[in-house]
Amino acid sequence: MCSEETPVVPQCVSNDLLSSSDKSIELTREVMSNGDREASSVRRTDDPEPAKEDKSNGPSVVTRLYKLFAGKDVEDELPSSTDPDSLEDIREASTKPEASENLADDACLNMSFDELLRTYESQHQGGEMPANLPGGVLIDQSYAVAPAELNALIFSPSSNFWQSLAEIQGTTGFQSEPWRLENDGESLKRVVTYTKAATKLVKAVKATEEQTYLKADGKMYSVLASVSTPDVPYGSYFRTEILFCIMPGPELLSEEQSSRFVISWRTNFLQSTMMKGMIENGTRQGLKDSYAQFADLLSQKVKLVDSNDISSNKEEVLAYLQPEQESDLKLAVRFFGNFTVISSFLVAMYVLIHILLANPNLIQGLEFSGLDLPDSIGEVVVCGVIILQGQRVLNLVARYLQARKQRGSDHGIKAQGDGWLLTIALIEGANLAAVDSTGYSDPYVVFSCNGKSKTSSIKFQTLEPQWNEIFEFDAMDDPPSVLDVEVYDFDGPFDEVTSLGHAEVNFLRSDLSELADIWIPLQGKLAQAFQSKLHLRIFLNNTKGPNVVKEYLDKMEKEVGQKINVRSPQTNSAFQKIFNLPPEEFLINDFTCHLKRRLLTQGRLFLSPRIIGFYTNLFGHKTKFFFLWEDIDDIQVVPPSLASMGSPCLIIILRRGKGTDAKHGAKTLDEDGKLRFHFQSFVSFNVANRTIMALWKSRSLSPEQKVQLVEEDSETDTLEREDSGAFLGIEDAKFSEVFSSAIPVNINSLMEVFGEGPLEQTVMEKVGCVDYSIQPWESVKPDVYQRQIHYKFDKSLSSYGGEVTSTQQKSPLPDRNGWLIEEVMALQGVPFGDYFNLHLRYQIEDLAPKLRASNVQVSLGIAWLKSTKHQKRVTKNVMSNSKARLEQMFGEVEKQLLPTK
């Protein structure tokens with residue numbers, strides 16, 4: 001609908017209809033000719049006969065409607081013999097909401113897609129693009145097509161893109177309604193219905209998708225699609241929302257326009273449900289598969305932007321940047337043309353003239369020949385002012401000489417060497433803070449990366465500086481993590497500089513295509529108060545090509561003292577997806593460990609050239625974070641203790657103010673404002689510690705310190721590599737029932753086996769668990785409790801011995817008739833123990849009042865962390881041993897409890 005408020009013609013389409021006067025005349029005449037025939041249907045039989053309208057009172061509704069559509073010049077064309085009754089019927093019909101809506105619908109249908117967009121754009125100028133939805137990004141790609149053309153390809157009614165996609169995906173019954181303007185042009189939306197093809201797990205599903213434009217300004221487009229699938233289980237509980245964002249992409253060498261296309265999603269729950277996790281996981285997998293086909297089809301329609309085109313375009317883009325050529329005279333006039341210099345000059349001229357006109361004073365008071373002292377307080381004040389003015393002028397001269405020396409010194413200097421090449425184009429600044437008494441500043445910028453710095457020229461007396469300068473850092477062996485940007489106000493070579501703002505460009509969290517042309521907001525009190533920002537173009541590329549990974553690993557082997565194998569592309573891809581890292585980041589090693597906060601959290605520690613990250617998916621709750629090697633201030637090793645369950649603890653301390661994104665993983669924030677992370681229970685602590693220390697020192701130490709480190713470690717024996725299999729990622733375990741029995745014990749007594757009391761200690765020692773230590777249950781959520789357990793296997797349970805670190809979580813069943821206990825076990829010191837985790841799920845239900853007993857069901861799943869050819873054999877052994885252990889465990893519970901009854 002175009003409008004629900006205007007009775008005849010919506011404002012959003014009136015201009016278009018007025019331009020089509022011929023069609024309007026025909027429409028009005030047709031309505032008038034049908035007035036007599038519809039009069040009887042419009043009137044109700046019980047209504048009194050309407051009074052005839054006096055024509056002298058003014059033009060009728062039909063006349064006004066006719067004029068609105070056809071214009072003022074057609075007034076004389078109205079039929080003079082129109083029946084008044086017919087006019088009254090037309091008036092009543094036209095003022096009905098249904099008639100107005102139908103007329104508005106027809107008007108919207110007559111508008112083309114481009115006209116609808118223009119109408120929508122006219123009322124939505126400005127505004128920013130909406131942020132990506134929290135569910136994740138499905139597509140983030142650049143295409144060699146203008147944003148308007150890409151928008152038309154995907155959303156125009158004349159495009160067959162969605163029909164082609166439906167054929168590929170086996171979707172049937174695809175129907176798309178026309179785009180409609182609603183709420184006086186405030187909203188542009190359409191409805192699409194279709195039936196998704198059935199899969200092995202899900203039957204065919206009918207879906208209704210409402211697509212609504214959130215932004216359209218000719219350069220950027222954003223469409224939100226809300227998908228309703230009421231026929232699926234819990235379908236009325238949620239809606240799946242998909243956000244399409246089309247933005248200008250990087251500049252291409254061919255000078256053609258490009259577009260960056262991002263699709264993100266989320267699940268919007270309308271009602272709370274315990275199946276939230278399952279719904280989100282199913283939705284994620286379905287969207288992932290569907291939009292993979294979407295991306296394949298789109299790449300067939302439009303050309304993808306190749307990264308080589310962007311990097312080769314760097315020279316073309318930078319060639320247009322030329323620093324402002326300002327003569328020394330012009331710079332001097334602009335620099336010295338201020339009140340301080342002019343007033344000082346006038347005072348100097350005044351004093352000089354005074355000296356020429358004045359007669360020498362007599363020597364009096366304490367004066368002697370050659371010493372003329374002031375004779376009054378006024379003379380003292382004047383002398384002081386003259387001295388201060390002279391000092392300020394001398395400072396200005398020193399600043400001018402320093403600025404002239406620094407002006408454009410780095411522009412055009414090419415980087416040396418092969419490796420990671422960083423090029424920065426400083427274009428301009430905006431809204432910088434004014435700190436001088438003149439109401440302006442003298443800004444300059446300092447860029448720092450991997451211990452090297454570049455300084456821009458100084459721009460005097462401006463808050464909107466124009467630099468157009470290029471800086472290239474010499475090629476770096478290690479890929480840079482961050483670029484620090486600091487803007488200062490120049491106060492001369494002897495005064496302390498004032499910071500106008502700072503910013504940090506994180507190459508791990510930024511897309512290189514975005515950095516090719518970006519406005520960076522500055523941080524700091526002054527910068528945030530004035531909303532200061534810098535316009536930069538940043539290019540980072542590797543001149544060594546694909547050999548950079550092998551060369552980096554070869555270098556790290558010497559520093560670590562162990563063999564490091566190149567991971568497969570699939571392994572690196574899985575690692576990059578976990579932490580949303582750029583494709584150039586690669587995995588070096590990963591270790592199973594525990595993160596110690598209030599409670600221990602079992603997970604995996606990942607090491608790469610630029611980051612150290614932690615990831616876990618415990619009981620469906622994901623915890624992940626990473627921080628940079630450069631952010632680490634110190635690494636400490638704590639000897640084994642009872643608190644660390646007999647395992648050495650690695651404490652990583654970050655620099656003050658660093659790693660704020662990883663704050664949720666830190667155990668403490670010390671008095672100096674530094675985050676402290678505790679990791680323990682490594683399968684091979686020596687290997688993990690040595691690798692972490694070597695990677696940290698390689699990023700933070702000077703070249704001389706690195707050489708000394710290698711020389712000190714050259715006599716150390718080569719350490720064995722912990723991981724020989726490929727990293728699979730931490731996936732949900734597939735559960736199988738391994739134990740089920742009705743135990744003739746009431747549930748309160750049975751739960752004592754998980755109650756930290758003597759029964760638990762006795763039972764676990766009977767089944768072969770030595771040195772059994774328990775931490776008390778702690779509440780982590782309402783009605784959800786968690787604890788850690790540590791014990792060793794005796795020889796009867798495992799001929800290899802070994803240790804177990806277990807995390808248990810218990811919560812009441814939905815009907816409050818029992819408990820659900822979930823357990824994740826990490827095995828150490830057993831064959832392939834670091835390749836998998838065991839997941840157990842105990843469901844204990846009370847059978848009272850029918851029976852004085854409890855029903856116990858135990859399911860077991862194996863979450864594989866790395867691949868091995870012995871996976872089937874290990875799975876078989878784990879299943880059989882666990883089944884025997886559970887039967888022995890609950891059999892011992894009956895022996896301990898039944899005699900007391």
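Residues numbered from 1 in each chain as written. Predicted model: local features only at pLDDT ≥ 70, side-chain atom pairs only at ≥ 80, totals over all residues. Heavy atoms only, no water.

1. Considerations on the overall build of the protein chain
Reasoning step 1: Helices and strands together make up the secondary structure of the protein chain, namely 23 helices and 32 strands.
Reasoning step 2: Counting across all 901 residues of the protein chain, residues that qualify as buried make up 46%.
Reasoning step 3: Accessible surface computed for the protein chain: about 46500 Å², of which carbon and sulfur atoms make up 52%. (Helix = DSSP H or I, 4+ residues; strand = E, 2+ residues; numbered from the N terminus. Buried < 20%, exposed > 50% of the residue type's maximum accessible area, 1.4 Å probe, protein only. Areas by Shrake-Rupley, 256 points an atom, 1.4 Å probe, with all protein chains shown as cover.)

2. Structural notes on the pattern of salt bridges
Reasoning step 1: Tallied over the full model, the rule gives 15 salt bridges.
Reasoning step 2: Of the charged contacts in the structure, one is a salt bridge between Glu-504 and Lys-658, with a shortest N-O distance of 3.5 Å. In this pair, Glu-504 sits in strand β14 (residues 498–506) while Lys-658 sits in the loop between β22 (649–654) and β23 (668–669), placing the two residues 154 residues apart along the sequence.
Reasoning step 3: You can call Lys-658 partly exposed: its relative accessible area is 28%. (Salt bridge = Lys/Arg side-chain N within 4 Å of Asp/Glu carboxyl O.)

3. Here's the deal with helix α8 (residues 147–155)
Reasoning step 1: Here α8 has its buried residues at Pro-147, Leu-150, Asn-151, Leu-153, Ile-154 and Phe-155. Angular distribution of buried residues about the axis of α8 spans 165°; they occupy a single face of the element. (Arc of directions from axis to C-beta.)

4. Things to note about the packing of aromatic side chains
Reasoning step 1: In this structure the tally under the stated criterion is 35 aromatic pairs.
Reasoning step 2: Aromatic side chains Phe-155 and Tyr-213 sit 6.1 Å apart centroid to centroid with 65° between the ring planes, which places their arrangement in the edge-to-face category. One end of the pair, Phe-155, is in helix α8; the other, Tyr-213, is in strand β5 (residues 205–216), with 58 residues separating them in the sequence.
Reasoning step 3: Classification of Tyr-213 as buried rests on a relative accessible area of 2%.
Reasoning step 4: Ring geometry for Tyr-234 and Tyr-237: centres 5.4 Å apart, planes at 80°, overall edge-to-face.
Reasoning step 5: On the accessibility criterion, Tyr-237 (25% relative accessible area) is partly exposed.
Reasoning step 6: Aromatic ring contacts, followed pair by pair, group Phe-113, Tyr-120, Phe-155, Phe-161, Trp-162, Trp-179, Tyr-213, Phe-244, Phe-261, Tyr-291 and Phe-294 into a single cluster.
Reasoning step 7: Between the NZ or CZ atom of Lys-810 and the centre of the ring of Trp-777, over which it lies, the distance is 4.8 Å.
Reasoning step 8: Positioned over the ring face of Tyr-785 is Lys-810, at 5.9 Å from the centre of the ring. (Phe/Tyr/Trp six-rings, centres within 6.5 Å; stacked < 30°, edge-to-face > 60°. Lys NZ or Arg CZ within 6 Å of the ring centre and 35° of its normal.)

5. Quick look at the pairing of strand β13 (residues 482–489)
Reasoning step 1: Alignment of strand β10 (residues 443–449) against β13, held across six bridges, turns out to be antiparallel. Bridge pairing links Pro-443 to Asp-489 in β13.
Reasoning step 2: For β13 and β14, the ladder comprises eight bridges, and the chain directions are antiparallel. Looking at β14, one finds that Val-487 is bridged to Gly-501. (Pairing = 2+ DSSP bridges.)

6. With respect to the environment of Pro-609
Reasoning step 1: Here Pro-609 lies in the loop between β18 (600–607) and β19 (611–618).
Reasoning step 2: Judged by relative accessible area, which is 1%, Pro-609 ranks as buried.
Reasoning step 3: Residues Pro-609 and Val-549, 60 residues apart in the sequence, show an inter-C-alpha distance of 9.7 Å.
Reasoning step 4: Once residues within four sequence positions are removed from consideration, Pro-609 is found in contact with Pro-479, Tyr-552, Glu-585, Phe-586, Ile-588, Trp-629 and Arg-699. (Contact = heavy atoms within 4.5 Å.)

7. Observations concerning the sheet that holds strand β12 (residues 466–476)
Reasoning step 1: On the basis of which strands lie adjacent, the open sheet formed by four strands has the order β12-β9-β16-β15 and antiparallel pairing. A single partner strand is all that each edge strand has here, and the edge strands are β12 and β15 (518–521). Strand-to-strand twist across the sheet, computed as the mean angle between neighbouring axes with direction ignored, equals 30°.
Reasoning step 2: Bridging between strand β9 (residues 420–430) and strand β16 (residues 533–542) involves 10 bridges; their strand directions are antiparallel. What sits directly across from Leu-426, in β16, is Leu-536. (Axes fitted to C-alpha atoms, helices over the stretch in contact; angles between N-to-C directions.)

8. Regarding empty space enclosed by the protein
Reasoning step 1: Taken as a whole and judged by the stated rule, the model has six cavities of 30 Å³ or more.
Reasoning step 2: Of the pockets and cavities examined, the largest cavity occupies roughly 100 Å³.
Reasoning step 3: Forming the boundary of the largest cavity are 14 residues, of which Met-764, Tyr-772, Gln-808, Glu-823 and Arg-885 lie nearest the centre.
Reasoning step 4: Looking at the lining of the largest cavity, the elements that each hand over two or more residues are α22 (758–766), β28 (784–793), β30 (818–828) and α23 (871–897).
Reasoning step 5: Per-element accounting of the lining of the largest cavity gives the leading share, three residues, to β28. (1 Å grid on protein atoms, 1.4 Å probe; cavity = no way out; pocket = protein on both sides within 12 Å on 5 of 7 lines; lining within 4 Å. Points joined across faces, edges and corners; volume = space filled by probe spheres on them.)

9. Details of unusual backbone geometry
Reasoning step 1: Within the chain, Asn-468 stands out as a residue other than glycine whose phi angle is a positive 55°.
Reasoning step 2: The phi angle at Asn-580 is positive, at roughly 55°, despite the residue not being glycine.
Reasoning step 3: Here Asn-580 shows up in the loop between α18 (569–579) and β17 (589–596).

10. Brief notes about the side chain of Asp-631
Reasoning step 1: Residue placement: Asp-631 occurs in the loop between β20 (621–628) and β21 (632–638).
Reasoning step 2: For Asp-631, which is buried and forms no salt bridge, the nearest opposite charge comes from Lys-658, at a distance of 4.5 Å. (Lys, Arg positive; Asp, Glu negative; His and termini not counted.)

11. Quick look at a nonpolar patch on the surface
Reasoning step 1: On the surface, a nonpolar cluster with roughly 850 Å² of combined accessible area is contributed by Ile-342, Phe-345, Leu-346, Met-349, Leu-352, Ile-353, Leu-356 and Leu-357.
Reasoning step 2: Along the polypeptide, Ile-342 turns up in helix α13 (residues 339–357).
Reasoning step 3: Look at Ile-342 and you get partly exposed, because its relative accessible area is 49%. (Patch = residues over 30% accessible without salt bridge, like charges linked within 9 Å, V, L, I, M, F, W, Y side chains within 5 Å.)

12. With respect to the confidence of the model for the protein chain
Reasoning step 1: When pLDDT is averaged along the protein chain, the result is 76; 74% of the residues meet or exceed 70.
Reasoning step 2: Under a pLDDT of 50 for its full length, residues 65–84 has, in the predicted model, 30 contacts with residues more than four places off or in other chains.
Reasoning step 3: Taken together, the stretch residues 709–725 has pLDDT below 50 and engages in 39 contacts with residues farther than four places along the chain or on a different chain. (pLDDT = per-residue confidence, 0-100.)

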